[in-house]
Amino acid sequence: MSSTAASSTVVGGRSAEPSSCVKKTSKRPKYSKFTQQELPACKPILTPSWVILTFLVAGVVFIPLGVICLFASQGVVEIVDRYDTDCVPASSKDNKVAYIQGEGDKICNRTITVTKTMKHPVYIYYQLENFYQNHRRYVKSRNDAQLRSPSEERDVKTCAPEDNVGGKPIVPCGLVAWSLFNDTYRFSRNSQQLPVNKKGISWKSDRDKKFGKNVFPKNFQEGAPIGGGTLDPKIPLSEQEDLIVWMRTAALPTFRKLYGKIETDLHAGDTISVLLQNNYNTYSFNGEKKLVLSTTSWLGGRNDFLGIAYLTVGSICLFLAVTFAVLYLVKPRQLGDPSYLSWNRSAGG
Amino acid sequence: MVRPGGLSVDSSTNHLRAPSRTVTLGRIQPQAPSFRTVYCNDRDANFPVRFKGNSISTTKYNVLTFLPKGLFEQFRRIANIYFLGISCLSMTPISPVNPITNVAPLSMVLLVSLIKEAFEDWKRFQNDMSINNSTVDVLQDQQWVPIPWRKLQVGDIIKIKKDGFFPADLLFLSSTNPDGICYVETANLDGETNLKIRKGLERTWDYLTPEKASEFKGEIQCEQPNNSLYTFTGNLIVEKQTLPLSPDQLLLRGCSLRNTEYIVGAVIFTGHETKVMMNAMNAPSKRSTLEKKLDKLIITIFCALVIMCLIGSIGCAIVTDRDHDYLGLHKKDWEYRNGMTIAFFTFFTLVTLFSTIIPISLYVSIEMIKFIQSTQFINRDLHMYHAETNTPASARTSNLNEELGQEQRSTGAVREKGFNFDDPRLMRGGWRNEPNPELCKEFFRCLAICHTVLPEGDESPEKIFYQAASPDEAALVTAAKNFGFFFYRRTPTMVYVRESHTEQMGKIQDVSYEILNVLEFNSTRKRQSVVCRFPNGRLVLYCKGADTVIFERLAYGMDDVRKVTGEHLEHFGSSGLRTLCLAYKDLNPEAYDSWNEKFIQAKSALRDREKKLDEVAELIEKDLILIGSTAIEDKLQEGVPTCIETLSRAGIKIWVLTGDKMETAINIAYACNLINNDMKRFMISSETDAIREAEERGNQVEIARVIKEEVKKELKKGLEEAQQYLHTVGEPKLALVIDGKCLMYALDPTLRITLLSLSLNCTSVVCCRVSPLQKAQVTSLVRKGAKKITLSIGDGANDVSMIQAAHVGVGISGMEGMQAVMASDFAIAQFRFLTDLLLVHGRWSYLRICKVVMYFFYKNLTFTLIQFWFTFRTGFSGQRFYDDWFQSLYNVFFTALPVIVLGLFEKDVSASLSKRYPELYREGIRDSFFKWRVVAVWASSAVYQSLVCYLFVTASAFDGKNSSGKIFGLWDVSTMVFTCLVIAVNLRILLMSNSITRWHHITVGGSILAWLVFAFMYCGITTPRDRNENVYFVIYVLMSTFYFYFTLLLVPVVALLADFIYQVVERWYFPYDYQIVQEIHRHEPDSSNADQLEIANELTPEEARSYAISQLPREISKHTGFAFDSPGYESFFASQLGIYAPQKAWDVARRASMRSRPKAPKKN
């Protein structure tokens, strides 16, 4: 009953605080705007006025931009001529593939009438459709190192299946080069030859850095089958601009590539006759071939998309501005109306 | 007579289980594995055994194991495994991408995770070091030498000073206290703050001074280290004498010494072999509900990925044919053999290609955000810093932050103790009796004598501290002290009271009362009595107890007093106060003596002692004279009612699980405003007549059956009623009160459903007298049965299981033991901080994490969908659209930081508004921001934006793109798309932010700029090997065209236009609550600053009080429970005179009960 007894009351008692908790160091956190999450901030609220203003501004900015784009695009004259079916003689219509793979000159004459004056330079494009230049197997089948430097010519490991022929490396290797487009066009106006300038049709960076000045085609198109155009083995790759253009693979299966430039103006009503070598096989996969003559504006070729998009979006914005303004006037919701709070709406809920 | 029970150690039986006492034959005898032999004070002798050192290490890794172990930990995550798999796939030839595309982000993610792990481990290491380097006095060469803990060895004799922690498990030898006892606090072990007594062997009492202690040469044979805290067996062999050791002599590491100047002990177990360390285990790790839902989202995305790949592979098998001779398919190829192989290989190609759909950096970003949220925001929130206990909040785990934003049930262990640790009861108004000074004195004398409180500390009114079995007791004694009856010392037979008599100002008199008998309180008696002898020989019985029991035992002729008191009691009771009646009775010595004999007989009875004691007590506790009543207000922690009120407005249902008895629990519930008189209450109590009858019959099976029947009946009835109310308009709110015994049966599988559905219909549920296990059971019932997100809050060891069972466990830190805190996920100093923790941090965290997740989902989906759309135009070949490096850096570089900023700084409304409109929290409960609907909206946004980015650019990039008519290639187009995408996706962050700090601008601008800078550099170089210079010079080519700028303006604007319109319409016509609140307060500046913080932090007592009063039940209830209450002198006398006096005394009581409590050696 002595000490134990007295202490039994200790058991179950509660000390308010362990006395060891002497205030030696305050654990009080330091104040900082960061830790207290009070960083100055702007708190945008989409109030009606802001919304209407935003739409108005967007509309006001976009419509003129659309007009400018459309104007630029409309100024461009573009003539498109599909020739892949017409250039197959009637006798071979049923078996185009055999025709294209057959021997002999596949010359074709096309006549193009200029409807509107085309200021020089007039750009000549060929357009292929349903041609998967962006196919994974196709895109990766090339070797940039080999294209750039003669010392890398044996580096063909990414080029399968067009890597070696008879054990010798192909330069340029790979499917992309192998399938080089090889239709050719010659233009004449009133029996007068229109010279085609094929210089400067590729991006300068490609010419200068990606295709070597001392890399010459080797063993190119020597295996069977032959995929497309051949290259002059005496001309370095950096000057083979058709190849350079071709090897900048297109993003989509319908694409245009620059063929050359006509450095004279074409006048409205002019009849251009095109002497065309129809060599490239797109018939096996129903690809279309088109010849395109086009001028350019500062914005590029004839493409109304940007202009129309700008105009549409601009008008939508203006329309929305008006709609929201009307809605706001007709059926306004007072800002910060407490009756909209969910717990006020359903009483007690 | 004081019941000597309650000690946590039963010393009488343990040494019977001591290991067989082998006699050791010299020191060379090999150690039997079952026990260890420790030679005290003899390092050389202990050396051969090589006991472990006392240094501890809680780190997970060391320098060598860090990399393998850390990586292993990382790859336990399914997402990382997935990306590892993808990385492996990308090294095969079927991969459309360079391995770097997947390896780079994965290594980046792993690196960040590993750095975080290393940082955390480093902190643990530092913590260990600081513990290992704290010093302790060790006996060396007859003097105490301080050495660091880690150098402590088994067998050392050490000295621990008052309030010091034991550095290892010690054998207690001697103490400065007489009788060789010392007091220890075991709060760190089990959360119990009451002091426990340890008693050294009499044989060792003398080894106190260094000189003496150095003579001590004992040999300890004891059990091998184990984790049982409450058992210990061993022998001490001193001078060929074998003495049995019991847990009484064991001082455990982690405990601290109290009320004892110093003790001397011998080290038995060290370091990791100490019992506390062997008990240390990792709390089960919890994952937040949101994270689980995130997993579902990831699985959904994965399914989408599989579907996309299937579409692609089937498409590829159909489209790819040999007719496309430029593809070179005329040559045999393992991949393009036939439709089946094409489909098969393309599938994996596409999986690799589309792997970005699963955001690789999501987990690591979320982890980082949560880490900063918890370490920087929660831990450092001044709103949650409690100055009085010097405790800031602490998030002990960072992976549950957003869970706090979704609590639906808070199974608050709103234990009485939990709430009033701070100030033992607040005295209020209390005692009503006629202004008869003698009776008045009796009143306080009764309070000062009739209790089992133990004073501690200096014997001055300011510094004394009362250790009491219940806070009520301490409160009443404190009340008496404040009214001039200062109980300052107790010996086993005497109580010393310093009486200052008010009628004779300044006269102070120390009076000692001899305590002859104590008739203990128990739940059947509901009263407690003390028989004492005044110095002048007067014999008095003081009794206090529940009104019903006291009234039964009053002497005749007390009707007036009884009536008046009854009225008071009713009044108190209706105010939610707990009442007690005080009575006394003068005894005549002869009657007493004869009674005392019976009492002693009863006490020494071997059978039915309790019952006999009760019977004997009945004999003397009669014809009492009523002196008055007390009412005690359950002084909850500051701000608790407000907090609970706020939380329930926030849609959180609160369950009280308490070990208290029903009356107390109900009182607390009243005080917390959980139950009020407007509520329909369902009481399921085991204290019904039927059950009691059954219990008296004593057949256990019968009792169980009866209780079960009763409970079933009650539950059914309750449920029916509840469902009726459900269909009536203006239904009353329902409350369920159930006690532990009934709960035991209600938790039975057959009744569980009924219980659950009843309780879910109730606004508040109070479970009283529940065991810790039941607390956990109830919690998991709600968690699993009702699929609700639960939070448990508690402060004691008995809350641990509950804390661990809930989704989120919150421990109240600062005063009670650490047990609850250790088990918890968050620790806060005050219950009321729960408001901040949930409504501010939790809500924000939830909001932020939701937005972050959604944003990640959106940005990766957009990114991948563009790729997907492109696949359609490549003959499903799986050609990649983006350059390898663009793709690999998209997640970790070009879009990484803004989303982290969003996750850190996003707030919809300010902290003060969050608390002002607690209803906003319901958006989290409804999971408004992470519903499948929201996911769908984001997904459509991603589809739309990807289409815009892809189609707009490809449609417009077809023809010549500058005046020189040159044509873009694949990589030009893709870089254009990528640029638009990076801009759109980064700007989307600003569109979705409610609060845009300068960090938003910096990171968004920085990300876009980073992309451009990267593009400039990357496109400007050619690498010698192994890379096709797809994008060489691309950005320069692009930027040389007007087209680039026109597209750059158009595409992001169009992409974001739809989202903008959606947001406008949503805000205008289907506003979220937070948006309305934003609008209401749109003109107010952010109101919080450091000064106001101080005020906000301190809820003034007046405020709390006035609030509590305003919350009191409006009508008088029949409800009178136990309560104690007492105002100060001033207000008492003033109110007697009908004058209103400010509640100053309240402050007096408060101040007196504050914790200024220097420890003095206890004098027994």
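Quick caveat: nothing in here was measured; it's all calculated off a predicted structure. Throughout this description, residue numbers start from 1 for each chain and increase along the sequence as written. All chains are assigned letters beginning with A, and all ligands numbers beginning with 1, in the order in which they are written. Restriction of local features to residues with pLDDT of at least 70 applies here, the model being predicted, together with a cutoff of 80 or more for giving and counting side-chain atom pairs; totals for whole chains, interfaces and linings are based on all residues. Side-chain metrics in this entry use all non-hydrogen atoms of the structure; hydrogen atoms and water are not considered.

(A) The arrangement of the overall build of chain A in detail. In this text, helices come from DSSP runs of H or I with a minimum length of four residues, and strands from runs of E with a minimum of two, each type numbered from the N-terminal end. In terms of regular secondary structure, chain A is built from 10 helices and 12 strands. The size measure is the radius of gyration over C-alpha atoms, and the globule rule it meets is 2.2 Å times the number of residues to the 0.38 power. What you see for chain A is a C-alpha radius of gyration of 36 Å, clearly larger than the 20 Å of a compact globule of 349 residues, by over 25%. Each of the three principal axes of chain A carries a C-alpha extent, and together these read 125 × 65 × 40 Å. With a 1.4 Å probe rolled over the protein chains alone, any residue whose accessible area is under 20% of its type maximum counts as buried; one over 50% counts as exposed, and the rest are partly exposed. Here chain A holds 349 residues, and 54% of them are scored as buried. Reported accessibility uses the Shrake-Rupley method at a 1.4 Å probe radius. Residues are deemed covered only where the shown protein chains occlude them. Of the roughly 15,400 Å² that chain A leaves accessible, carbon and sulfur atoms contribute 57%.

(B) A look at the UniProt feature "binding site: Mg(2+)" (unreviewed entry) in chain B. All names here are of chain B. UniProt positions are given in the numbering used here, feature names are shortened, and annotations may be inferred rather than shown by experiment. When the UniProt feature table is mapped onto this chain numbering, "binding site: Mg(2+)" (unreviewed entry) sits at Thr411, Asp795 and Asp799. As for its placement among the helices and strands, Asp795 is situated in the loop between β30 (790-794) and α25 (800-805). Asp795 sits in the buried class, given a relative accessible area of 1%. Of the residues examined, Asp799 reaches a relative accessible area of 0% and is grouped as buried.

(C) Expanded view of unusual backbone geometry. Note that the residue after His120(A), namely Pro121(A), is joined by a cis bond; omega there is -5 degrees. Following the sequence through the fold, Pro121(A) ends up in the loop between β3 (107-113) and β4 (122-129). Look at the link from Val171(A) to Pro172(A): it is a cis peptide, with omega at -10 degrees. We note that Asp623(B) has phi near 50 degrees; this positive angle belongs to a residue other than glycine. Structurally, Asp623(B) is set in the loop between α17 (609-620) and β25 (625-633).

(D) Main features of the packing of aromatic side chains. All names here are of chain B. Pairing of aromatic side chains requires ring centres within 6.5 Å, counting the rings of Phe and Tyr and the six-membered ring of Trp. Pairs whose planes differ by under 30 degrees are stacked, by over 60 edge-to-face, and all others tilted. Going through the model one piece at a time under the given rule, you end up with 81 aromatic pairs over all chains. Centre to centre, the rings of Phe119 and Phe371 are 6.2 Å apart; their planes meet at 85 degrees, and the pair counts as edge-to-face. Taken as a pair, Phe119 in helix α4 (residues 99-132) and Phe371 in helix α10 (residues 362-378) lie far apart in primary sequence, 252 residues in all. Of the residues examined, Phe371 reaches a relative accessible area of 18% and is grouped as buried. For the ring pair Phe968 and Tyr1043, a centre distance of 5.8 Å and an interplane angle of 55 degrees mean the geometry is tilted. Note that Phe968 is positioned in the loop between α32 (932-956) and α33 (970-992) and Tyr1043 in helix α36 (residues 1042-1069), a separation of 75 residues in sequence. The burial state of Phe968 is the same as that of Tyr1043; both residues are buried. Whether a charge sits over a ring comes down to the Lys NZ or Arg CZ being within 6 Å of the ring centre and within 35 degrees of the ring normal. Here Lys293 stacks its cationic end above the ring of Phe930, 5.3 Å away from the centre of that ring. Lying over the aromatic face of Tyr858, Arg988 brings its terminal NZ or CZ to 6.0 Å of the ring centre.

(E) A look at a nonpolar patch on the surface. Patches here are clusters of residues that have more than 30% relative accessible area and form no salt bridge, with a 9 Å joining cutoff for like charges and a 5 Å cutoff for nonpolar side chains (Val, Leu, Ile, Met, Phe, Trp, Tyr). The salt bridge criterion pairs a side-chain nitrogen of Lys or Arg with a carboxyl oxygen of Asp or Glu, the two atoms within 4 Å. Side chains of Trp50(A), Leu53(A), Val57(A), Val61(A) and Leu1049(B) sit close together on the surface and give an oily, nonpolar patch of about 460 Å² of accessible area. Examining the composition of the nonpolar patch, we find that 4 residues originate from one element, helix α2 (residues 48-74) of chain A, more than from any other. Looking at the secondary structure, you find Val57(A) in helix α2. The class for Val57(A) is partly exposed, based on a relative accessible area of 47%.

(F) Broad picture of the sheet that holds strand β11 (residues 250-251) of chain B. All names here are of chain B. We call two strands paired when DSSP finds no fewer than two bridges between them. Ordered by their spatial adjacency, 6 strands build an open sheet running β3-β2-β4-β13-β5-β11, and the pairing between neighbours is antiparallel. The open sheet is flanked by β3 (143-148) and β11, the only strands paired with a single partner. As paired elements, strand β2 (residues 135-140) and strand β4 (residues 157-161) share 2 bridges and run antiparallel to each other. Its bridge partner being in β4, Asp137 is matched across the sheet by Lys159.

(G) Local environment of the state of the cysteines. Any cysteine sulfur atom paired with another within 2.5 Å is treated as part of a disulfide. The full count for this structure, using the stated rule, is 2 disulfides over all chains. Shown here is the disulfide that connects Cys159(A) with Cys173(A), its sulfur atoms set 1.9 Å apart. Of the two residues, Cys159(A) is situated in the loop between α5 (144-148) and β5 (164-165) and Cys173(A) in the loop between β6 (168-169) and α6 (175-178); the sequence distance between them amounts to 14 residues. The pair Cys159(A) / Cys173(A) is uniform in exposure class, with both members buried. Among the cysteines of chain A that take part in disulfides, numbered as they appear in the sequence, the pairing is 1-2, 3-4. Left without a disulfide partner, Cys88(B) is nearest to the cysteine sulfur of Cys309(B), which lies 17 Å away. On the basis of relative accessibility, which here comes to 47%, the residue Cys88(B) falls in the partly exposed class. Free cysteine: Cys742(B), not disulfide-bonded; nearest cysteine sulfur from Cys768(B) at 8.9 Å. Exposure remark for Cys742(B): the relative accessible area of 1% places this residue in the buried category.

(H) Up close: the side chain of Thr375(B). On the secondary structure map, Thr375(B) appears in helix α10. A distance of 2.8 Å separates a polar side-chain atom of Thr375(B) from the backbone oxygen of Phe371(B). Counted as a polar contact is a pair of N or O atoms within 3.5 Å, where, for protein atoms, one must be capable of donating a hydrogen and the other of accepting one, and residues adjacent in sequence contribute only when both atoms are in side chains.

(I) Expanded view of helix α27 (residues 833-872) of chain B. All names here are of chain B. Here α27 is 40 residues long and its end C-alpha atoms lie 56 Å apart, about the 58 Å a rise of 1.5 Å per residue gives. The bend reported for a residue corresponds to the angle between axes fitted to the seven residues ending at that residue and the seven starting there. Gly842 marks the point of greatest bend in α27, at about 30 degrees. A large share of α27 lies buried, amounting to 39 of its 40 residues. Each helix should span, by expectation, one fewer than its residue count multiplied by 1.5 Å.

(J) Looking closely at the pattern of salt bridges. According to the stated counting rule, one finds 48 salt bridges over all chains in the structure shown. Among the salt bridges present, the one from Lys708(B) reaches Asp748(B), with a minimum N-O distance of 3.7 Å. Taken as a pair, Lys708(B) in helix α21 (residues 700-727) and Asp748(B) in the loop between α22 (740-746) and α23 (749-761) lie far apart in primary sequence, 40 residues in all. Note on Asp748(B): relative accessible area 23%, which makes it partly exposed. One salt-bridge network, in which partners are shared between bridges, spans Arg82(A), Asp84(A), Glu129(A), Glu288(A) and Lys290(A).

(K) Up close: the packing of α27(B) against helix α28 (residues 884-894) of chain B. Residue and element names in this part refer to chain B. Axes here mean lines fitted to C-alpha atoms, for a helix over just the part in contact, with angles spanning 0 to 180 degrees between N-to-C directions. At a minimum axis separation of 11 Å, α27 and α28 run at an interaxial angle of 165 degrees. Classed by the angle they form, the pair α27 and α28 counts as roughly antiparallel. Where α27 crosses over α28, the handedness of that crossing is right-handed. Note on element contacts: α28 touches α27 through Gln887, Tyr890 and Asn891, opposite Lys859, Asn860, Phe863 and Gln867. Gly is placed with the polar residues, together with every amino acid not listed as nonpolar (Ala, Val, Leu, Ile, Met, Phe, Trp, Tyr, Cys and Pro) or charged (Asp, Glu, Lys and Arg). Along the lines of polarity and charge, the residues of the contact of α27 with α28 split into 2 nonpolar, 4 polar and 1 charged. When describing relative orientation, an angle under 35 degrees is termed roughly parallel and one over 145 degrees roughly antiparallel, while 65 to 115 degrees is termed roughly perpendicular and anything else oblique. Handedness of a helix crossing follows the sense of rotation of the near helix relative to the far helix, less than a right angle counterclockwise being left-handed and clockwise being right-handed. Contacts between residues were defined by any pair of non-hydrogen atoms, one from each residue, lying within 4.5 Å.

(L) Region of interest: the environment of Val1064(B). Considering the arrangement of structural elements, one finds Val1064(B) in helix α36. Assessed through its relative accessible area of 0%, Val1064(B) is described here as buried. A sequence separation of 525 residues divides Val1064(B) from Leu539(B), and the C-alpha atoms of the two residues are 84 Å apart. Among all residues touching Val1064(B), those that are not within four sequence positions of it are Leu46(A), Val51(A) and Phe324(A).

(M) Up close: the confidence of the model for chain B. All names here are of chain B. Residue-level confidence of the predictor is what pLDDT reports, using numbers from 0 through 100. Of all residues in chain B, 81% attain a pLDDT of 70 or more, and the chain-wide mean is 77. Contacts from residues 1106-1164, a stretch scored under 50 in pLDDT, to residues over four places away or in other chains number 158 contacts. Scoring the predicted complex yields pTM 0.78 and, for the interface, ipTM 0.91.

(N) Representation of the pairing of strand β26 (residues 653-657) of chain B in the model. Residues and elements named next belong to chain B. Summarising burial for β26: 4 of the 5 residues are buried, a large majority. Across 4 bridges, β26 lies against strand β29 (residues 764-768) in parallel orientation. Of the residues in β29, the one forming a bridge with Val656 is Val766.

(O) Structural view of the nonpolar core. For our purposes a nonpolar core is just a set of buried Ala, Val, Leu, Ile, Met, Phe, Trp, Tyr and Cys residues, chained together by side-chain atoms within 4.5 Å. In terms of nonpolar packing, the biggest core is built from 145 residues, with Phe55(A), Val853(B), Phe881(B), Phe930(B), Phe978(B) and Leu1050(B) touching the most fellow members. Per-element tally for this core: the top contributor is α27(B), with 18 residues. If near-sequence neighbours (up to four positions away) are discounted, Val853(B) is found in contact with Leu290(B), Leu294(B), Leu297(B), Leu362(B), Ile366(B) and Phe930(B). Counting residues in each nonpolar core, the second largest holds 59 residues, with Ile124(A), Tyr259(A), Phe285(A) and Leu293(A) among its members.

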